[in-house]
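Structure assessment
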Amino acid sequence: MPSEFVTKCSKVLAAKEWNIAFAESATAGRMSAEFSMTKESGKILRGGIACYEVFVKEQILNVPHAMIEKYTPESAEVTKKLAEQMTKLFNAKVTVAVTGLTTEVKPLKNL
C-alpha cells in the first residue's frame, strides 16, 4: 500500500496532467513501486531505473565518470545529473533522483 504522501502526490500530478520518472540508487526502485500502487499510476508513472551500482549511472544514465570521481556517486551534483538524464530518457515533466550511502560508516577510533 502506498504511503499517504505518495497518494497525495499522485493525485496532484494527475490533476495537473503531469507525469513522473525516477532514478533510484539507495531506494533501489521503492519510489517507483509506491507510485505504481496508486489509482493514478497509469496516468502519471513513466517508469524508473534502479541505478544502485556506479556502472549503471555511467553506462545507462550517461553520468560522466569524471563527475563521479570528483564528487562521489551520492553527491548532490551526481544526483542532479541523474534527474536531468531521466528527464531526457523518459520525457517526464517531473523527475526524481535518489542517492545515498547504504553502507555502515564506522567512527574513527579515539587516538
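Conventions used here
Residues numbered from 1 in each chain as written. Predicted model: local features only at pLDDT ≥ 70, side-chain atom pairs only at ≥ 80, totals over all residues. Heavy atoms only, no water. Helix = DSSP H or I, 4+ residues; strand = E, 2+ residues; numbered from the N terminus. Buried < 20%, exposed > 50% of the residue type's maximum accessible area, 1.4 Å probe, protein only. Core = buried A, V, L, I, M, F, W, Y, C linked by side-chain atoms within 4.5 Å. Contact = heavy atoms within 4.5 Å. Expected span 1.5 Å × (residues − 1).

Moving on: unusual backbone geometry. Even without glycine at this site, A28 takes up a positive phi of about 50°. For A28, the position within the fold is in the loop between β1 (20–24) and α2 (30–36). In this structure, N62 is a non-glycine residue whose phi angle is positive, near 55°. Mapping N62 onto the fold places it in the loop between α4 (54–59) and α5 (65–71). We classify N62 as partly exposed; its relative accessible area is 49%.

Time to look at the nonpolar core. Core analysis: the largest hydrophobic core is formed by 15 residues, its most contacted members being A23, I49, C51, L61, L82, M86 and F90. Secondary-structure elements contributing two or more residues to this core are β1 and α6 (76–90). Top contributing element to this core by residue count: α6, with 5 residues. Residues contacting C51, with those up to four places away along its chain left out, are A23, E24, S25, V56, K57, L61 and L82.

So, about α6. For α6, built from 15 residues, the straight-helix expectation of 21 Å at 1.5 Å per residue is met to within 8% by its first-to-last C-alpha distance of 21 Å. The inward-facing, buried residues of α6 abut β1, β2 (45–50), α4, α5 and β3 (94–98). Taken from the residues just after α6, N91 is the one with a positive phi, measuring 50°.

The analysis is restricted to geometry; functional conclusions fall outside its scope.
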